[in-house]
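Breakdown of the fold
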Amino acid sequence: MMWQKLKKNIFKIIFLPYHLEELSVQQVFRISFLFLTFFHIYAAIMSEGFHRPDEHLGMIRMVLYKLGKLDVSQLSWEFPVQIRSWAQPYCYVAIAKVYYWLGALNPFVLATIFRLSSSCLALFALFFFMRETISLYEKDFDKKLSLALFPFVWYLPFFHARTSTENFSSSFALLAIAGLIYLHRTTTRGFFLPFLVGLLMAFAFYFRLQLATCLLPALIPFVFFPPHRASGQSFGTDVARFGHCASAHWPSCGSFQKGHWKVASIIILGGLSGLLINVLIDYMGYGNWVFSPWNNIYQNVFQGMASSFGIDPFYTYFSKTFLRGIPPISFFFLAIPMIYWFKRPKCILTWAFLPFLVAHSCLAHKELRFIFFLGQLIPSMTPVFVEWCKSLPGLRAIYVSSFHRLVKVTLFLSLVLTLVSSSRDAYSHMGFYKFLYHLKPIPQKIYTLNVVRDVLEFYLPGPIEFVYTQDLDQTAETSYVLTDSYADFILLSSQSHCLVEYSEYSVFFHSILQKKINPKNWVVLSCPAPLPEL
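Calculation notes
All residue numbers refer to position in the chain's written sequence, counted from 1. For a predicted model such as this one, the threshold for reporting local features is a pLDDT of at least 70, and the threshold for listing and counting side-chain atom pairs is 80 or more; totals across whole chains, interfaces and linings nevertheless cover every residue. Derived side-chain values reflect all non-hydrogen atoms in the structure, with water molecules and hydrogen atoms excluded from consideration. We call a set of buried Ala, Val, Leu, Ile, Met, Phe, Trp, Tyr and Cys residues a nonpolar core when their side-chain atoms join them within 4.5 Å. Residue burial is assigned from relative accessible area. The probe radius is 1.4 Å, only protein chains are included, and a residue is buried under 20% of its type maximum, exposed over 50%, and partly exposed in between. Runs of H or I in DSSP of at least four residues are treated as helices and runs of E of at least two as strands, each being numbered from the N terminus. Two residues form a contact once any of their heavy atoms are found within 4.5 Å. Patch definition: residues with relative accessible area over 30% and no salt bridge; like charges joined within 9 Å; nonpolar side chains (Val, Leu, Ile, Met, Phe, Trp, Tyr) joined within 5 Å. Per-residue and other accessible areas follow the Shrake-Rupley method at a 1.4 Å probe size, with only the shown protein chains counted as cover for residues. By salt bridge we mean one thing: a side-chain nitrogen of Lys or Arg within 4 Å of a carboxyl oxygen of Asp or Glu. Only the stretch in contact is used when fitting a helix axis, every axis being a line fitted to C-alpha atoms; angles between N-to-C directions are given from 0 to 180 degrees. Oblique is the label for any angle not under 35 degrees, not over 145, and not in the 65 to 115 range, which are roughly parallel, roughly antiparallel and roughly perpendicular in turn. Take the far helix as your reference; a near helix turned counterclockwise from it by less than a right angle gives a left-handed crossing, and one turned clockwise gives a right-handed crossing. Residues are grouped as follows: Ala, Val, Leu, Ile, Met, Phe, Trp, Tyr, Cys and Pro are nonpolar; Asp, Glu, Lys and Arg are charged; all remaining types, including Gly, are polar. The definition used for a disulfide is geometric: two cysteine sulfur atoms within 2.5 Å.

Let us look at the nonpolar core. Within the largest apolar cluster, 135 residues are counted, with the highest numbers of intra-cluster contacts made by Ile177 and Phe373. By residue number, the principal contributor to this core is helix H9 (residues 165–185), which donates eleven residues. Beyond its immediate sequence surroundings of up to four residues, Phe373 is in contact with Phe159, Ser170, Ala173, Leu174, Ile177, Leu211, Cys214 and Phe356. Ranked by size, the runner-up nonpolar core spans eleven residues in total, among them Tyr447, Phe489, Val523 and Leu525.

The following block contains the structure:
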């Protein structure tokens, strides 16, 4: 009996959007947010390392520099040209100083705290965004559907655990958009909240300047398409109508209202104040006056640095989203926003989503992480997509049944991908750095037969020099050798009497994978002197 009840509850959570009639809006909100909280904390603990190298090179190295643990010569090319904001690194510097003040030293624990802080900020933003976007709908079912789908954007826990500018800026942007929606539906605005929304916009822009193409357009419907308050209607009804914002229902659509202009002026004032604060923070970081967003534009656009990382066609984000977003999930990632743009062209979410995507599509270099932010808007768009599907004429029962099966497969697959993506290391070679951290005595040099790109100094137990060589010098002491070549591993272990100290895979497993996919298995061997020439 107990097993049957547990099984029923598990299936109810997995297929939550199909059990909305049994729950209230508040119950769905609690279930969804508890689910998000669990996986965000889980991902922050489990997904060690970085998703992309600049998460370490452009962020953590700046933190180490300010902590006095890294020389300026070891910073990436971005530091001398001053294109990064210092606000986010200083947040991590503050956390690190408290951590060291408490007497703790383990860098892996500190990195986990960094990730937890990023995840908590994202959860804080999601909390308010989820609460405010349901005001765009009148029906309770639509509100519940919107809330229920947030846990099914499978990459969010992994993405929010990152210490990247994409993640940090996205949290500030979500809070700013939630603030705009709230300001649009309330008659009590005051000064503080609009000013705070402007501050959030400025910080989001400074963290990642491309978000200007999302946040500035979002002000347009706020100012020019205010809710039309017909007599006898509640303000809540007007807000729901704002979501629809269709010309037939909007006599005042396109009009300009003085009250909204005053609020927008306060938002702009908050934005300018935020820019000034960030300029001061950058002055503290770089030691001179600088406007880092302009430097970013100058280096990446006028100096062509962005193009040097690769040039992609305009449609890349559509093709990459479909292929790497995992079909059939990716089908909904593409279809839902398109229908929403068509059905609600004057909604804040449309103006936040579409210009951002178009602007990124026009840029030369494209990576999916640059548009991860947009996935957070899709659950709030889904009720419109569902209504559109229901309105299609002449649908046969067999098609409806097939569509529901596809949706259920998508929901189940999303949860599986959430678990998998949250459980794996973001960087596959974190085990090597854990081995080095616990290795006693600490070696002064690690010889490597292959180029080791971008050493993660943050995790090293001390100053260890990585020496690339194809002709290992004879030494009086045992040498540690790092290789990811199976041929070198066999040669050293069989002919040089080297002992395997660390391997990401077992020898047996590595030999099997070598025949199939040629994996980059990092192996550390201790080799007695003299070492042979390879």
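Now for helix H7 (residues 140–148). A large share of H7 lies buried, amounting to seven of its nine residues. Taken together, the buried positions of H7 are occupied by Asp142, Lys143, Lys144, Leu145, Ser146, Leu147 and Ala148. Residues of H7 that are buried in the fold lie against helix H2 (25–46), helix H6 (107–133) and helix H19 (378–391).

Below, the discussion takes up a nonpolar patch on the surface. A cluster of nonpolar side chains, Phe291, Trp294, Ile297, Tyr298, Val301 and Phe302, forms an exposed patch at the surface whose accessible area comes to about 590 Å². By secondary structure assignment, the location of Trp294 is in helix H14 (residues 292–302).

Take the packing of H9 against helix H18 (residues 348–362) next. In a packed pair of helices, the relevant descriptors are the angle between the two axes and the axis-to-axis distance. Running from N to C, H9 and H18 point in directions that differ by 150°, and their axes come no closer than 10 Å. Taken together, H9 and H18 sit at an angle that is classed as roughly antiparallel. As for the relative orientation of H9 and H18, their crossing is right-handed in sense. Residues Ile177, Leu180 and Ile181 of H9 lie in contact with H18, whose contacting residues are Ile348, Leu349 and Ala352. Class assignment of the residues belonging to the contact of H9 with H18 gives a composition of six nonpolar, no polar and no charged.

So, about the state of the cysteines. A complete count under the given rule lists one disulfide for this structure. Paired through a disulfide, Cys498 and Cys527 show a sulfur-sulfur distance of 2.0 Å. What sets the handedness of the Cys498 and Cys527 disulfide is the S-S torsion sign, and at about 120° it is right-handed. Separated by 29 residues along the polypeptide, Cys498 in the loop between helix H22 (486–495) and strand E4 (499–503) and Cys527 in strand E5 (residues 523–527) bring together distant segments of the chain. Its relative accessible area of 0% is what places Cys527 among the buried residues.

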